[in-house]
Amino acid sequence: MGEQANYRPGTNPGPPWPTLVATTVRLWLRRGTRGTLFRRHRVAALTVLAATALVAGGLAIALTRQAGAAPASGMEAAQGGVGPVARSPAAGMAATWVVRQVGRDAIVGCDPGMCRLLVAHGFPAGGLLALGPGAPGLHLCDVIVATPAIGKLLGGRLEREDAPAVIAGFGSGRARIDIRAIAPRGATAYRGALSADWAARRKAAAQLVTSPRIHTGDAARQELLTGKVDSRLLITLAALAASYPVHVVGFGDAGPGAAAGMPLREMEIAGTGSPAYRAAELQHIRSSVLAQHSVFLPTHVSLVRMAGGAALRIEFGAPSPLGLLIGRPVTQ
Amino acid sequence: MKLRVAAALVPLSLALVLVGAAPPAAAQPAAAQATGWIRWGNWSPSAPDFDIYLNSFSGSSGMTVIRHVRYGHVSVYRAIPTGQYTVAMRDSGAPANTPPTLSASVQVTPRMAYTIVSMGPASHLGVQVLKETMMSSPGKALVRIVQESVAQHRVSVNDGSRALGGPLELGSYTGFLKVSPGWQAIHATGYSATATKHVLLRANTIHTLVVLDNEGGLRIHSLQDAVGSGTMPTGGAATGLGGTAPKPGASPAPWLAIMAGGGLLAAMGTIRLRRNRRHAAHAIIDR
């Protein structure tokens, strides 16, 4: 982890080696022309310089290659000979998805190669936990990037007990990579909590759609009533409706390849009233949403242009916390 | 003729008065069914003063506001329509346009009571919803321990003869335990501080004992949640304030009898008065 934390793509590599060698030779020659030693052993000195330049050049080339190959070598070592999965398109897509969709307060477990790839994609190194043999830190994680290397490391227990729910999946066959939510108290407890959360989401949404201050289309209404919408979005919507009439344009982003029952974590809302008023209203809503803390602070809030006009897109990070509607404690 | 009209109007007006004064008997159980109770406890020693805002998901009821409560105290219970609510906080005295900070969500079910508590240090303020039990145990007191000491990370509590809970971490709490009624010495023990409180636990009552910080030590705060089964809680006993929760409606029969009697007396008085006047008029004519 320390190496990964220090790895900084795009850091200044210093002057190029040819320039460095040429400058060294030039300075040596300039110095030598002033002394008598160089004049006496000119041939020997030039030979030594040429040899030094050759050695330095070769060393520079070797070091450059080694530096470029380091992440791949690390991944291959971590994968235990499975293959360069971290170079695969699935790995790239998984890394991009994790960086964009996983909440910044979540701890992500990964094999060392995938951890390195995630850092290279911009995920904070402090939010990663490289898992080694036995995966002692698994219970500290919220999410795990289940690469084939992790599969080898943890075996069938991962899917069966430790992380039964897929929140996103990429690729297929042996190269498939799943992003899974960790079940800290085991699969049975997780399924029970997910089921209770789903029931609470349906119940809460049934009340939400009766609010005279919340307007939805048929599709959004159906998604609400069937309990598909993340509890953080429901709570945010109810809080916003206390101050503003809100038009819900739609919900989205359950994650590609997500298991059934994984909540939709993205919402687009539009203002009501005249176009001029709507823009100001969306700005107020944006400020209110960004003033939140902890689990109620979205990972992304952006103004987007849609066919019907401007809308505010609110996205919460994965994984969806369970039990918020039924009194789960929240730390600010 | 006028007398007949007046006599007819008396029971009618009496009926109208009764309709307005007495609670609608048929509607009362339905109203009780559609109501729960909520209160707020401030158990965060360093948090600033703030107010609590509750908004219903359905938007049917207005915003419920509970103004700031001092550390270690609990507000009185408030009746609240059932349903899902957002719980948000805002610093006391903050401008009205400052958005409240979402803190939790609570599902209020009929005839159930909840305590929303703020806990922990201000830098990591936590909000928790405790569901209260409404059923006491006949002949026993029910006691729940809540650990809210920030200074002592793990606290154990006993009543001298048996452990009531612990070691409990910050924010954790036990289930309701049956305890023999009477005076009990409750002991709380942290890693570097202890506290003892003598609490009177009456039979058929429900108590929450909260372990709090107290100037370098610990203290135990006793809350009486409810008395008897089927009776709604009436607020924190130790806060010195009574509850605002509505009590079961008394029978309207005595009031009806008094009002009917009053109406009858008024009608008899009117008749008597008219008779006297008529007699007086006849006497003048006879003269």
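Residues numbered from 1 in each chain as written. Chains lettered and ligands numbered in written order. Predicted model: local features only at pLDDT ≥ 70, side-chain atom pairs only at ≥ 80, totals over all residues. Heavy atoms only, no water.

### As for the overall build of chain A
To keep it simple, the criterion reads: By the criteria applied, helices consist of DSSP H or I runs no shorter than four residues and strands consist of E runs no shorter than two, each listed in order from the N terminus. In this scheme, a residue with accessible area under 20% of its type's maximum is buried, one over 50% is exposed, and one in between is partly exposed, where area comes from a 1.4 Å probe on protein chains only. Contacts are assigned to residue pairs with any non-hydrogen atoms lying within 4.5 Å of each other.
A tally of regular secondary structure across chain A gives 12 helices and 11 strands. Among the 332 residues that make up chain A, the fraction classed as buried is 44%. In chain A, once contacts between residues fewer than 6 apart in sequence are set aside, the share between residues at least 24 apart is 60%.

### Quick word on the sheet that holds strand β10 (residues 309-315) of chain A
Residue and element names in this part refer to chain A. We apply this condition: Pairs of strands are assigned from DSSP output, requiring at least two bridges between the strands. Only C-alpha atoms enter the line fits that serve as axes; for helices the fit covers just the stretch in contact. Angles between N-to-C directions range over 0 to 180 degrees.
An order of β6-β7-β8-β10-β9 is seen for the five strands of this open sheet, with the pairing classed as mixed. At either margin of the open sheet sits one strand with a lone partner, and together these are β6 (214-216) and β9 (300-306). Looking at each pair of strands side by side, their axes are set apart by 30° on average, direction ignored. Inspection of the sheet shows strand β8 (residues 266-270) paired to β10 by four bridges, in the antiparallel sense. In the sheet register, glutamate 268 faces β10, and the bridge partner there is arginine 313.

### What about the pairing of strand β3 (residues 143-146) of chain A?
All names here are of chain A. Going residue by residue along β3, you find Val143 and Val145 tucked away on one face and Ile144 and Ala146 tucked away on the opposite face as well. Sheet analysis places strand β1 (residues 108-110) next to β3, joined by two bridges and oriented parallel. In the sheet register, glycine 109 faces β3, and the bridge partner there is isoleucine 144. Two elements, β3 and strand β5 (residues 177-181), share four bridges in a ladder whose sense is antiparallel. Bridge pairing links valine 143 to alanine 181 in β5.

### Quick look at the confidence of the model for chain B
Residues and elements named next belong to chain B. Selection rule: pLDDT is a per-residue confidence score from the predictor, ranging from 0 to 100.
Averaged over all residues, the pLDDT of chain B equals 76, while 71% of them reach at least 70. Low pLDDT (under 50) marks residues 1-29, which in the prediction has 11 contacts with non-local residues, meaning those over four places away or in another chain. Confidence drops under pLDDT 50 across residues 234-252; counting only partners more than four residues distant or on other chains, this segment forms 30 contacts.

### Digging into helix α12 (residues 275-290) of chain A
Residues and elements named next belong to chain A. Stated precisely, the cut-off is as follows: Working rule for helices: expected span equals 1.5 Å times residues minus one. What the arc describes is the spread of directions from the helix axis to the C-beta atoms.
Here α12 is 16 residues long and its end C-alpha atoms lie 23 Å apart, about the 22 Å a rise of 1.5 Å per residue gives. All of the buried residues along α12 are Glu281, Leu282, Ile285, Ser288 and Val289. One face of α12 carries all of its buried residues, which in axial projection span an arc of 120°. Turning to α12, the residues buried within the fold contact α11 (231-241), β8, β9 and β10.

### What about the nonpolar core?
Residues and elements named next belong to chain A. Cut-off, in case you're wondering: Side-chain atoms within 4.5 Å are what join buried Ala, Val, Leu, Ile, Met, Phe, Trp, Tyr and Cys residues into a set we call a nonpolar core.
Leu234, Phe251, Ile269 and Ile314 are the most contacted members of the largest nonpolar core, which has 37 residues in total. Where this core is concerned, the elements lending two or more residues are α9 (187-208), α10 (218-225), α11, β7 (246-252), β8, α12 and β10. Per element, the largest residue contribution to this core is seven residues, and it comes from α11. Leave out the neighbours within four places in its chain, and phenylalanine 251 touches Ala220, Glu223, Leu224, Val229, Leu233, Leu264, Glu266 and Met267. Counting residues in hydrophobic clusters, the runner-up holds 34 residues, among them Val102, Met114, Val119 and Tyr190.

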